[in-house]
Amino acid sequence: MPADIYSIAAVQDTLITQSARRNVRKLASAVRLALNIRPGCSLVMLIGTGSERNNQEALESWVAQTLIDRDLLPTREVIPMLIDALEKTLTRWEEGGR
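Attention in this report is confined to the structure presented alongside it. Each chain carries its own residue numbering, running from 1 in the direction its sequence is written. For this predicted model, a pLDDT threshold of at least 70 governs which residues receive local features, and a threshold of 80 or more governs which side-chain atom pairs are given and counted, while totals over whole chains, interfaces and linings are taken from all residues. As a convention, hydrogens and water are excluded, and side-chain values are obtained from all of the structure's heavy atoms.

So, the nonpolar core
To keep things clear, this is the line we draw: Throughout, nonpolar core names a set of buried Ala, Val, Leu, Ile, Met, Phe, Trp, Tyr and Cys residues whose side chains join them through atoms within 4.5 Å. The buried label applies to any residue whose accessible area, calculated with a 1.4 Å probe on protein chains only, is under 20% of its type's maximum; exposed applies above 50%, and partly exposed to all values in between. For the purposes of this entry, the term helix denotes a DSSP run of H or I that reaches at least four residues, the term strand denotes a run of E that reaches at least two, and both are numbered from the N terminus. Residue contacts follow a heavy-atom distance rule, with two residues in contact if any of their heavy atoms lie within 4.5 Å.
Residues I47, L59, W62, V63, L67, L82 and L86 are the most contacted members of the largest nonpolar core, which totals 18 residues. Within the residue set of this core, elements represented by two or more residues are α1 (3-34), α2 (44-47), α3 (55-69) and α4 (79-94). No other element matches α3, which puts five residues into this core. Beyond its immediate stretch of four places on either side in the chain, W62 contacts I47, L82, A85, L86 and T89.

Some points on α4
Defined as follows: The length a helix should cover is 1.5 Å for every residue beyond the first.
Between its first and last C-alpha atoms α4 spans 22 Å; for 16 residues at 1.5 Å apiece the expected length is 22 Å, and the two agree. Listed in full, the buried residues belonging to α4 are L82, I83, A85, L86 and T89. Two residues or fewer after α4 comes G96, characterised by a positive phi angle close to 90°.

Focus: α3
One turn of an α-helix holds 3.6 residues; hence residues three or four places apart share an orientation. As a reminder, the rule being used: In the analysis that follows, any N or O atom pair within 3.5 Å is treated as a polar contact, provided that within protein one partner can donate a hydrogen and the other can accept it, and provided that, for residues neighboring in sequence, both atoms belong to side chains.
When the terminal C-alpha atoms of α3 are compared, their 21 Å separation across 15 residues agrees well with the 21 Å that a helix rising 1.5 Å per residue should span. Those residues of α3 that fall on the buried side of the exposure criterion are N55, Q56, E57, A58, L59, E60, W62, V63, T66 and L67. If you check the start of α3, you find a side-chain oxygen 3.2 Å away from the backbone N of Q56, and it comes from N54. Phi turns positive, to about 55°, at D71, one or two residues after α3.

These figures come from the coordinates and say nothing about function on their own.
Next up, the structure:
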């Protein structure tokens, strides 16, 4: 195959990845709004990887990992499931579990 076909494929992959990241960011924002999660960094160690700078980034990491774990696409249809899953996760932490 010619080199430009590889570069076209790479560009398409990048665009898909950028679009998916954008959708994950929007889903995380929707969950944050629905659960009235305030700005800060309290969720970083609870649901993030520990490298995030704030709750929004922690939510983005959590949403992305949750979608991967459940083999789901980042679409608006998953918002209720994400809200429910995060509520359950946070409740477990509040009750002293993981």
